[in-house]
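Structural features, examined
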Amino acid sequence: MIRPIRFENGVLHLLDQRRLPGEEVWLELRSVQETATAIRNMVVRGAPAIGVTAAYGMVLAAGAAESVSLDTLERAGETLCEARPTAVNLAWAVKRMLESARDAIERGAGRDELFDRLARDASELEQKDVSSNERLGRHGASLIPDPARILTHCNTGSLATAGYGTALGVVRAATAQGKTLTVVADETRPFLQGARLTAWELDREGIPYEIITDSMAGALMARNEVDVVIVGADRIAANGDVANKVGTYPLAVLARRHGVPFYVAAPISTVDPDTPSGEKIPIEERDAAEVLAFAGINVAPEGARARHIAFDVTPASLVSAIVTDEGIARAPYERSLARLLGVELEVAEDAGSGPPEEAAVPSSDSRGETLPDSQAEARPDEAPPTASDDLF
Ligand code: MRU
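This structure is a prediction, so every number in the text was calculated from the model and none was measured. (Residues numbered from 1 in each chain as written. Predicted model: local features only at pLDDT ≥ 70, side-chain atom pairs only at ≥ 80, totals over all residues.)

**Points about the overall build of the chain**
Each helix and strand counted, the chain has twelve helices and 17 strands in total. Buried positions account for 49% of the 392 residues belonging to the chain. Of the contacts made within the chain by residues no fewer than 6 positions apart, 73% connect residues no fewer than 24 positions apart. (Helix = DSSP H or I, 4+ residues; strand = E, 2+ residues; numbered from the N terminus. Buried ≥ 20, exposed ≤ 12 C-beta atoms within 10 Å, placed from the backbone. Contact = placed C-beta atoms within 7 Å.)

In structure tokens, the structure reads:
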């Protein structure tokens, strides 16, 4: 399993994902500014991976500070959060690191003690990301038929996390269970996370795959050549709307049109209870130059204008299930996600139809013990019909 993030002797090492699959180059980062730049420039990308990287960025900030200062760390946190706005994992990780720093400072920690504590916290966050993904993978594998042709978008594997992956983690877990899978990886213009990164990971794992251009997904589904679509997420709103790499929403529409289950796989930290619905999710727009060139070659006339919307929002009504490390959520998501998060439901009680007990299938029983995967999914495969089903 690839681990794209390493912290050794006070230095953050990142596998430069811009150079893959051609070259495996590791960059060494020593400051919070370098870390924010690496996140912005996509040296490291994928929601959980940038969360873990940001946590180490906070460690670097603590190490560089001349004295113990929460202000300095708060400014470092802002710099990191501004690097990429859509993935909630980044702000989530920074918030946790700041809470820990505040606690240490209140207890009178000195500079070295604060640094050691934050380094330990970041390392725990990194390990926890891997174990959460492994749990998530096992839950998700129970949804995958055998054999199956699985269409996925962007890169959601080890490279997008601290290790193992989310949607690709489900593929990995189902393969480990002996299921016969073929992955259809769409190339994911313009950054080509699918063609470059997902294919690179699947090659290393020996999992069969085919790359398609993004626009071929409809043709494949119309030919009945896709059994399941599974994608990751950068932020899941409290109502189950999902922000993910641009191109996810059209896949969900196509999947609904063709009766293909559309699953989202993400750790519970990607669910943002403070964002009520998808329209409140900040969507990153990147430099149009990334659209106007392909592999370093200009593909449009000199002076052409372009847009680069980096993420889109898939309405919850198109999502068959959300697979998390805590269990599988089904519609109505306000209730099922709140239940998995262990938070009080704050939305209007008329938001959903079914009883809350039926909506979420947590992976733990009341004593916090993990249930076998066979018990972690007890609902039918499709979300109940909603108004948007009438479209098709
Ligand atoms: O722009 P990116 O490459 O950071 O976008 C990544 C995605 O959209 C992933 O699908 C998402 O972060 C989930 S990764 C486990």
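**A look at the pairing of strand β1 (residues 5–8)**
Residues of β1 alternate between two faces, with Ile-5 and Phe-7 buried on one and Arg-6 and Glu-8 left unburied on the opposite face. Sheet topology places β1 next to strand β2 (residues 11–15); four bridges connect them, and they run antiparallel. Each residue of the ladder has a partner; that of Arg-6, found in β2, is His-13. Between the end of β1 and the start of β2, which pair antiparallel, lie two residues, with Asn-9 showing a positive phi angle near 50°. (Pairing = 2+ DSSP bridges.)

**Quick look at the site of the ligand**
What surrounds the ligand is a group of 17 residues, the closest being Arg-45, Ala-47, Ala-160, Gly-232 and Lys-245. Elements with a contribution of two residues or more to the shell around the ligand: α2 (47–64) and β9 (242–245). Across the shell around the ligand, the residue classes break down as seven nonpolar, seven polar and three charged. Here the shell around the ligand spans two domains, since at least three of its residues come from each of domain 1 (5–132) and domain 2 (137–376). (Near = placed C-beta within 6 Å. Nonpolar A, V, L, I, M, F, W, Y, C, P; charged D, E, K, R; others polar. Domains from an automatic or database assignment.)

**Considering helix α4 (residues 88–106)**
Think of an α-helix as 3.6 residues a turn; residues three or four steps apart then line up on the same face. Under the 1.5 Å per step criterion, the end-to-end length of α4 is 27 Å for 19 residues, consistent within 8% with the ideal 27 Å. Looking at α4, one finds that the buried residues are Val-88, Asn-89, Leu-90, Trp-92, Ala-93, Val-94, Met-97, Ser-100, Ala-101 and Ala-104. Against α2, α3 (70–83), α5 (111–141), β8 (235–237) and β11 (271–272) lie the buried residues of α4. With its phi angle positive at about 85°, Gly-108 sits one or two positions after the end of α4. (Expected span 1.5 Å × (residues − 1).)

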